Amino acid sequence: MASLAEPPGSRAHSRSPGLSPALGPSRCGGERRRAGSDAVQETQVRPDLNHAIKLLEDAGSSDLEDEQLKVLKKVVKSFENGLPLKDLTQIMDILNLCAEKVNEQEAFVEPVCELIKLCGLPFQKKKLSDEVNYSVAVSKSIAQLGCLMRVPSSQVRIQICKCIISFYKMELPKKLLPGYQPTSANYKIQMAELGGLAETLVLSLALVENQLTEKLWVLKALEHLSSSGVNCRHMMKAQAASRLCLCLNGTDPSGQLVFRSSEILWNLLENSSKEEVVNQLSSLECIHALKEVFVDRLINGFRHYDRQLRNDLLVIATLVAENSAASMIESGFTMLLIVLATFTEAKIPNPLLKGLKLTYSYEDFEMKKLLFNIIGIFSKDPHAVQLLSENDVMPALLDYVKPHKKPGFHDWSAAQYEELQLHAIAILASVAPLLVDKYLSCQANTLLLVFLEWCIGQDPFFGQGNSFHGTGGRGSKLAQMRYSLRVLKSVVSLHDDAVNLNLCDQGAISQLLDVLKYAANKLEQKDDAILLEIQANILFILSALCENDVHRKELFSYEGVDLLISFIQMDPKKLHSGLGHNRLLFSALDCLWSCVIGCYIAEDYFLEQQGIFLLLDLLALKQKNLCNVILGILSEFCDNPKTIIHISAWRGEKDQTAAKLLIQLWRQEEMDLGVQRDQYGRIAGFENLPGLSAKDFVTLAIIRRYIDFKVGEVWSEVCAELKEEFRPIGSDEEILKVISEVSENIGKMVTAYQTEVLENHHHQEIQEEKKTYTKIRAVHKQKEMVNKSWENFLTRTSNYEALKKAKRLQEKSIEASKSKSKTQNGAVHSTDIKGLGTTVGSGRLVTVESTPFQLVKGPPADKDLPLKKIPFCEEALKKNRKS
């Protein structure tokens, strides 16, 4: 087998020092006659490819086979510096013909390999436009290389893969054909993408399943092809992800099989649809293969390279685990990863990991973080909760809820331990709500409260803040405090009585107030998003603990109210800072509602600290997102009789009272809702509404009086309940009767209005109907008059006596219209035209529909005729009069 570094065409050159006379002169002879034209040289050097194709199509004796092989050698020799684009189609025809002969005649293997090797050289073009003009033919020809993988020859298959790899390591030939130049460097890569070579090559993996060497070459070629997004999409059509995953656990002492396959999978994930890749990897068969190769690298891999590859496989497994349809639990992979994640903390031997030894190397540190991350993914799967409970995940994670001691010689560094600690506590926030029983049995509340006490203590500790979870915690314990409170928030959100009671019994309320005060003091020094989040989470936890429990509210009262007052006094400009001040304010208002209202001690102290004034000041800002909450709190506080005095005493800007503020808010709400008012401020929402029918107005009458009807309904229920339980006294019975009559009268009034609306609508319909009939009658009368006029016209034109009668009537009408007084010394003009036989009035304009043929004496000429008097017009008019 030739090596990949062997120069193209070296074998053919060594075997054939010169071309035969039939195909043209030898190289030396060509050099002596180089002064001739390029066209002549090309004609002399080019072999007759059509003759070669025809010769290969014939099947005959061994002599014919020798002649075919000689012709193939001459073709290879002729194109040893590269194939012209225009000849590529014929070369591929020759290749396909040779490939068919390889099955029976092994002698064709070598020329097939040499021709394929030529395809690895840069193609040659004569014109700049050739790359575009021949693109379709070239793409199909390159795609044929993948189809040649069907040839049952290891040499041919390996040479095809070498040829494809050479696309990405293109070297210019030493010599070009006269008048030609090489194609651009990426031309073959683009044509491979256009022809879909990658898809064909993926399908060829099935042909080399049991040939390790050939399979490695195919994977090496696919690794180069998968650097392109276009090729990756072609590969996915051939189920590349699942086929490659099944290659992972094949026997390969060199380890190249796993390495190449995983690299291609990574390229597919990066350059194509990640969802599609994960879906192909989610089958039970693929996950089994992934699990086996991961365990092999975990147990038997000791090199740096093996550990990196193991972590790469773990990342792929993590992506698959995010797919809810993946068979992770059925394959046992979920169980294995959970056991591995808790291996060092639980310290319980497990047969799944027999012989495993983990170090404190950087690769093992990365694997530990990946395992914590996949625990968080498993916590989202309800089917995996039981496995998390059975395999000591809770105690393993809680093992990190403690201050870090100074690292020993064989231990994580301080920065590594802090990163693992924060990551473990962050995952604990996801796992704890699922394993409440384990959470309580491990005394997690106690550990968290002790850890929080350490966070605000004076123990010297300088956080590294190097990791994602350690952001903002450099030089302090804020990151540890932040994630510990997230855990507490996640468990109190369950409103589980056992969890909340356990917390309160250990003094959580007073301790949380201390932490809140610590964070508030830090926040005064510098605004920080983490400190704001910490305070908001503490307020949420306190709200959940104190809600509906007066004793806990009393524990909160004095110290807690002072802190709430400071939050409510927040500068309103900070609400739009984007750091989280608005969230803190909402949390404070929610805490006020849950921890103060309902406890007279806390309420009175809040009133003493002028809390109602502060709430009204906040309400005066008229921020819509705050108004609802504040109004709700004020309405709840009004149950305390002292509250009204404070509300009445409050004064805002320009001596504004609380009543005026509430009225302004009411008007603003009406404006937002689109409620209409007239010029005096009276409500007009029910007047002049467009597009309503009579039925709509009937319904609108009920809507107007909805409140009255609702009140009447309530009083009706009250009367019925009173009569069932006892008999009212005379005065009460009289009052109830009056109230009932008021409701009945309102109903009667609404009914009368609805009747009036319907009657008016009916009357309006009748009037509109009359108008419609009047229009119809006018139209019919007009039609009759038109018909009668037309009949009179026909009578006058068809009956001469009728025409004369009409003429006489016309004359009488003209005479009757003349003035009776005669003009003295004035000429009298006759209105009649002698000889006129029409009964319609004459005018100045006469419409001529056509010219008589006898006047024209033939068809009109093409040219324009000059305007002049026609001498026979008078005679023609005289003839018409006589006739």
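Structure: above.
In this text the structure is predicted, and so the values were computed from the model without any measurement. (Residues numbered from 1 in each chain as written. Predicted model: local features only at pLDDT ≥ 70, side-chain atom pairs only at ≥ 80, totals over all residues. Heavy atoms only, no water.)

Some points on the nonpolar core
This is how it is decided: To define a nonpolar core, start from buried Ala, Val, Leu, Ile, Met, Phe, Trp, Tyr and Cys residues and group those joined through side-chain atoms within 4.5 Å. Throughout, exposure labels follow a simple rule: accessible area from a 1.4 Å probe, protein chains only, divided by the maximum for the residue type, with under 20% read as buried, over 50% as exposed, and the rest as partly exposed. Working definition: helices are DSSP H or I runs of at least four residues, strands are E runs of at least two. Numbering for both runs from the N terminus. Every residue pair with non-hydrogen atoms within 4.5 Å of one another is taken to be in contact.
Leu-268, Tyr-439, Phe-606 and Leu-615 are the most contacted members of the largest nonpolar core, which has 221 residues in total. Of the residues forming this core, the biggest block, 11 residues, is contributed by helix H32 (residues 529-546). Those residues in contact with Tyr-439, other than ones at most four positions away along the chain, are Met-394, Ala-432, Ala-444, Asn-445, Leu-448, Val-487, Leu-488, Val-491 and Val-499.

Thoughts on the pattern of salt bridges
Note on pairing: side chains with opposite charge can pair once their charged atoms come close. Convention followed: The salt bridge definition used is simple: a Lys or Arg side-chain nitrogen within 4 Å of an Asp or Glu carboxyl oxygen.
Under the defined criterion, the tally for this structure stands at 26 salt bridges. Glu-366 is the partner of Lys-369 in a salt bridge, and the nearest nitrogen-oxygen pair spans 3.3 Å. Here Glu-366 and Lys-369 lie together in helix H23 (residues 362-378), a separation of three residues that amounts to about one turn. Given the relative accessible area of 16%, Lys-369 is considered buried. The residue Arg-486 makes a salt bridge to Glu-533 at a minimum N-O spacing of 2.8 Å. Taken together, the positions of Arg-486 in helix H29 (residues 478-492) and Glu-533 in helix H32 put the pair 47 residues apart, joining distant regions of the chain. Exposure remark for Arg-486: the relative accessible area of 30% places this residue in the partly exposed category.

Some points on the environment of His-404
Tracing the sequence through the fold places His-404 in the loop between helix H25 (393-398) and helix H26 (414-431). Overall, His-404 belongs to the partly exposed group, its relative accessible area being 22%. Distance from His-404 to Glu-418, taken between C-alpha atoms, is 7.8 Å for residues 14 residues apart in sequence. Once residues within four sequence positions are removed from consideration, His-404 is found in contact with Ser-413, Ala-414 and Tyr-417.

A short note on the packing of aromatic side chains
Here is the rule: By convention, a stacked pair of Phe, Tyr or Trp rings (six-membered ring in the case of Trp) has centres within 6.5 Å and planes under 30 degrees apart, an edge-to-face pair has planes over 60 apart, and any other such pair is tilted. Definition used: whenever NZ (Lys) or CZ (Arg) falls within 6 Å of the ring centre and also within 35 degrees of the ring normal, the charge is taken to sit over that ring.
As enumerated under the stated definition, the model contains 11 aromatic pairs in all. When the centroid spacing of 6.0 Å and the interplanar angle of 55° are considered together, the rings of Phe-294 and Phe-333 count as tilted. Of this pair, Phe-294 sits in helix H18 (residues 284-300) while Phe-333 sits in helix H21 (residues 333-341), placing them 39 residues apart in sequence. Both residues of the pair, Phe-294 and Phe-333, count as buried. Here a set of aromatic residues connected by ring pairs shows up, and it is made of Tyr-360, Tyr-362, Phe-365 and Trp-412. Over the face of the ring belonging to Trp-454 we find Lys-477, whose NZ or CZ atom lies 4.6 Å from the ring centre. Of note, Lys-489 hangs over the ring of Phe-540, and the distance from its end group to the ring centre comes to 5.3 Å.

A closer look at unusual backbone geometry
One non-glycine residue, Asp-392, adopts positive backbone phi at about 60°. Within the secondary structure, Asp-392 sits in the loop between helix H24 (385-390) and H25. In this structure, Gln-610 takes a positive phi of about 60° despite not being glycine. In this fold, Gln-610 is placed in the loop between helix H35 (600-608) and helix H36 (611-619). The exposure class of Gln-610 is partly exposed, given its relative accessible area of 46%.

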